Amino acid sequence: MINDESRTETYDPNAIIDKWMKVWEELHVNEALGLVAGHDDLPRSYVVSMFPYPSGDLHMGHAEVYSISDAVARYIRMTGANVLNAIGWDSFGLPAENAALKRNLHPREWTYANIETQAESFRRLGVSFDWRTRFHTSDPEYYRWNQWLFLRLFEAGLAYRKEAAVNWCPTDQTVLANEQVVAGACERCGTTVIQRPLTQWFFKTTDYAQRLLDDMKQLEGKWPHEVLAMQRNWIGRSAGAHIDFAVEGRGEPVRVFTTRPDTLFGATFFVVAVDAPLADELCADPQRGAFEAYRRQAATATEIERLATDRAKTGVNLGRFAINPVNGVRIPIFAADYVLADYGTGAIMAVPAHDQRDLDFARALGVPVQVVINTGEADPAETWVATHGDGRLVNSGDFDGMTTAEASAAITARLAELGAGTEAVTYRLRDWLLSRQRFWGTPIPIVHCEDCGLVPVPEAELPVRLPESGYELRPEGGKSPLESATEWVSVACPRCGGPARRDTDTMDTFVDSSWYFLRYPNPDYVEGPFDPAGVARWCPVDEYIGGREHATGHLMYARFITKALHDLGLVSFVEPFTKLTNQGQVIMNGKAMSKSLGNLVNLQEQIGLYGPDAVRVTMVFAGPPEDDIDWADVSPTGAVKWLARVWRISAELDGKSSGEPDIELRRAVHRMIADATTAMDDRRLNVAIARLMELTNLLRKAVDSGAGPANPATREGVEALVRMLSCFAPFTAEESWQRLGHGPSVSSAGWPQADPGLLVEDSVVCILQVNGKVRDRIDVAPGISDDELEQVAMNSGKLREHIGDSQILKVIVRAPKLVNVVLAG
RNA sequence: GCGGGAGUGGCGGAAUGGCAGACGCGCGGGUCUUAGGAACCCGUGUCUUCGGACGUGGGGGUUCAAGUCCCCCCUCCCGCACCA
């Protein structure tokens, strides 16, 4: 399809790959000028695309991500900046364990073999990485610093342990990662997964909730609006009041959080999360049996049941009473699973008249309903529809007649006087659970000593390396894999020297990716996790590029860690990524490509057929970077045709230019350069390519039937085209550049500058409208005045024809582009 | 339920409030060819009495002028989801 046996030379994109890969490496064209110092006169730009997980060879999704990020990096570089376009690997993670089990290898072998494959594929795709940044998070030299960071957070009180539920497969007797749970069932054996409590490590992200929210102001307009919205949602700030309810027979009152203090008089019962320790404590003896049974039932609730949002309300009366602080009314206390133990205080005042969940519960368990806000709607006790809206207070003592807003303030103030409440803010954001009962991750650098408790591994002993042998990847009985490495586990306590055990959990791989971009400038640095000089030079990241699926995971964690590092005095900034660009996924027939769906398109096969440049161009031209690409909608054949066209035009210009440059052609060329530049600046890469295609068409005509191949304007246009093309199709551009008689490399040739003088046209087309409808087009001078233009326009025969003898109400003139004559009637 | 986004030709998609459909795919026609699944050129929203009329999910509005701004509605996609 690409080759033919015609006499002229043909475009064979795959024949030029090795040649240019070698040249680029020899000339170091893709390397930043100085990683930690030097060339300070140049503006710098740090471009990072979310680093890959080495799951196998690169696939179509990678091709999209890196085609986009590389086009951006190359563009910035061509405009004269010193660009660091970094690459590394996110190489810890579960798939390596699965592969190791299957092949009976160490996870490392599979992982690093894949990394080599991907690295070679990146080179063959022509991605302009600075390979000196390369590291892998599974290198002990890297994860050592994860451990170091963990210890700093531990010292700062930001890492702590508490009990939390893990996914547990009763058949396999093992803990499961979230991604191993498919529709509530174990991925391997299909057994229904249950939740099981386990003591685990957390980072205190909640301490940073307000700052994570506030600092989003810095990102406004630079991050996709959508991602910021998701994060705002995820943090879930909610303002209201804390209210303390005395409990009969208990010294300490019990605190609740509510966003509706105005409904306090409507609280007819009190609910404690069934799985909160408080529920157990408050349970009266006669209710013990019923409570224990209910708690057991709730604990064995499966993932599937838990996810059902419309299930009936259940609960048990604990046989105790709380006292409403404003009116002294006794209300019964229930334990229920619709109240969450880890949100707010794990207990609520229930106001069934004005909260649908409480109303559903009241209906199910026969608790009375008391209306305290008159919203003008029907009685909730009859309709079983709670009234959420604003209104005036009733049945609320002194507060009757107040509006919702007035009452909220007044009741909160009363509570403050009584010493029974204050204004309060709660967040939906939870602390970051970072323990993983997995092998292929960073060991947590803590030693458990019977006498000394939790003892940090001394810094000099880092890294705590993963064991080479003596472990099982899937031990029986729900142990962590590291727990099965008995020799590795057993260690002397760093503090007292007595017998102790290593912590056997590994860290969530999101820890690895929460600071990796700080290490790129000097990946071999040994004095600390990152080189302060390199970080000062490049960070924060100027252009961060990656998928939207990381909106509330990775991006939130990286923001948190950056702030924590800032507070530790290790970095000067509080936000890691100045600008964020999302890119879409490659899908096929409406679904993300995946092996199980059998809709995989093989990247290497596509490259083999069309060449790396055509695949790259296809990815970028398919649509806006953030949109998904349905592979069924696009075809690299179009890209191949275009690239071959450019290549051919370049080859046809092998002679010396002569004669006067064609001024009209120059104007057109510079118009295209200007338009392409604007599109690139706005990151509308697909539009930029459209302009390059137009320029190509223009030059084709110039060669065939216009100025001709020898005209200097033709050469100027072709050279500009090839330079701009190099952002998207580096191999073809390089080859064409050489054919134009230049030495390597086109990527050092710079982005063409549009000459402003050539952008001013001799004449422009002005549209003439009558009542907003186009009736004529005339050529006018670009500098024409409004008055002059109106006169000229009125001379148009077509315009007069459409005006007829109607009365002219007014004439809108927008020189030099438009005249609109508005008629009466 | 809450939050966010999107509806434009046969398709992917362009359009600082000022000529809707750039560019590409597909399709049709032509040139050159032993041949064309190559290259190059032309055409391609709908209707049309060939003057033009209509046309950006639907309905209203603002404006001299609306795909674009405002209000209501419909459909689809994404995120969160018993968050008090």
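Calculation rules
- Residues numbered from 1 in each chain as written.
- Chains lettered and ligands numbered in written order.
- Predicted model: local features only at pLDDT ≥ 70, side-chain atom pairs only at ≥ 80, totals over all residues.
- Heavy atoms only, no water.
- Pairing = 2+ DSSP bridges.
- Helix = DSSP H or I, 4+ residues; strand = E, 2+ residues; numbered from the N terminus.
- Axes fitted to C-alpha atoms, helices over the stretch in contact; angles between N-to-C directions.
- Near = heavy atom within 4 Å.
- Polar contact = N/O pair within 3.5 Å; in protein donor to acceptor, adjacent residues only side chain to side chain.
- Contact = heavy atoms within 4.5 Å.
- Buried < 20%, exposed > 50% of the residue type's maximum accessible area, 1.4 Å probe, protein only.
- Parallel < 35°, antiparallel > 145°, perpendicular 65-115°, else oblique.
- Left-handed = near helix turned anticlockwise from the far one by under 90°.
- Salt bridge = Lys/Arg side-chain N within 4 Å of Asp/Glu carboxyl O.

Draft legend 1. Looking closely at the sheet that holds strand β24 (residues 543-546). Reading across from one edge, β2-β1-β24-β25 is the order of the four strands in this open sheet, with parallel pairing throughout. Bordering the open sheet on either side are β2 (82-86) and β25 (580-582), each of which pairs with just one other strand. Across the sheet, the axes of successive neighbouring strands diverge by a mean angle of 15°, strand direction being ignored.

Draft legend 2. Geometry of the protein's contact with RNA strand B. Of all residues adjacent to RNA strand B, which total 54 residues, the nearest are T259, R311, K313, R357 and R684. In the environment of RNA strand B, a phosphate oxygen lies 2.6 Å from a nitrogen or oxygen atom belonging to the side chain of S238. Take Y343: an N or O atom from its side chain is 2.9 Å from a phosphate oxygen of RNA strand B. At the level of secondary structure, the elements contributing two or more residues to the surface near RNA strand B comprise α8 (225-235), β9 (254-258), α21 (636-651), α23 (685-705), β29 (764-770), β30 (773-780), β31 (808-814) and β32 (818-823). Broken down by element, the residue count for the surface near RNA strand B peaks at 10 residues, all from α23.

Draft legend 3. Summary view of the environment of W440. Residue placement: W440 occurs in the loop between β18 (435-436) and β19 (446-449). In sequence terms W440 and T504 are 64 residues apart; their C-alpha atoms lie 12 Å from each other. Non-local contacts of W440, meaning those with residues more than four positions away in its chain, are made with S91, F92, G93, A96, E97, H106, P107, R108, T111, Y112, S138 and L466.

Draft legend 4. Structural context of the environment of P95. As for its position among the elements, P95 is in helix α3 (residues 94-103). P95 gets classed as partly exposed once you look at its relative accessible area, which sits at 38%. With 16 residues separating them along the chain, P95 and T111 place their C-alpha atoms 9.0 Å apart.

Draft legend 5. Just the packing of helix α24 (residues 712-725) against helix α25 (residues 730-739), in detail. Between α24 and α25, the least distance of the axes is 8 Å, while the angle of their chain directions is 150°. Considered as vectors, α24 and α25 are oriented roughly antiparallel to each other. The element α24 and its partner α25 pack so that their crossing is left-handed. Contacts from E719, V722, R723 and L725 of α24 reach α25 at T732, A733, S736 and W737.

Draft legend 6. Geometry of the sheet that holds β31. Ordered in space as β30-β29-β32-β31, the four strands form an open sheet in which the pairing is mixed. Two strands close off the open sheet at either side, each with one partner strand: β30 and β31. Pairs of neighbouring strands in the sheet enclose a mean axial angle of 15°, with direction left out of account. Both β29 and β32 contribute to a ladder of four bridges, which runs parallel. In the sheet register, L768 faces β32, and the bridge partner there is V819. Relative to the sheet, helix α27 (residues 786-794) contacts β29, β30, β31 and β32, its axis offset from that of β31 by approximately 120°.

Draft legend 7. Focus on unusual backbone geometry. In this structure, the amide linkage connecting L462 to the following residue, P463, adopts the cis form with an omega of 0°. Within the secondary structure layout, P463 lies in the loop between β20 (453-456) and α15 (486-489). With an omega of 0°, the peptide bond between A815 and P816 qualifies as cis. Its location among the elements puts P816 in the loop between β31 and β32. One non-glycine residue, H39, lies in positive phi territory at about 50°. Within the secondary structure, H39 sits in the loop between α1 (17-27) and β1 (44-49). On the basis of relative accessible area, H39 is assigned to the partly exposed category, the value being 42%.

Draft legend 8. The arrangement of the pattern of salt bridges in detail. The full count for this structure, using the stated rule, is 46 salt bridges. Put simply, K563 and D215 hold a salt bridge, and the shortest N to O gap is 2.5 Å. Note that K563 is positioned in helix α18 (residues 554-567) and D215 in the loop between α6 (209-214) and α7 (216-219), a separation of 348 residues in sequence. You can call K563 buried: its relative accessible area is 0%.

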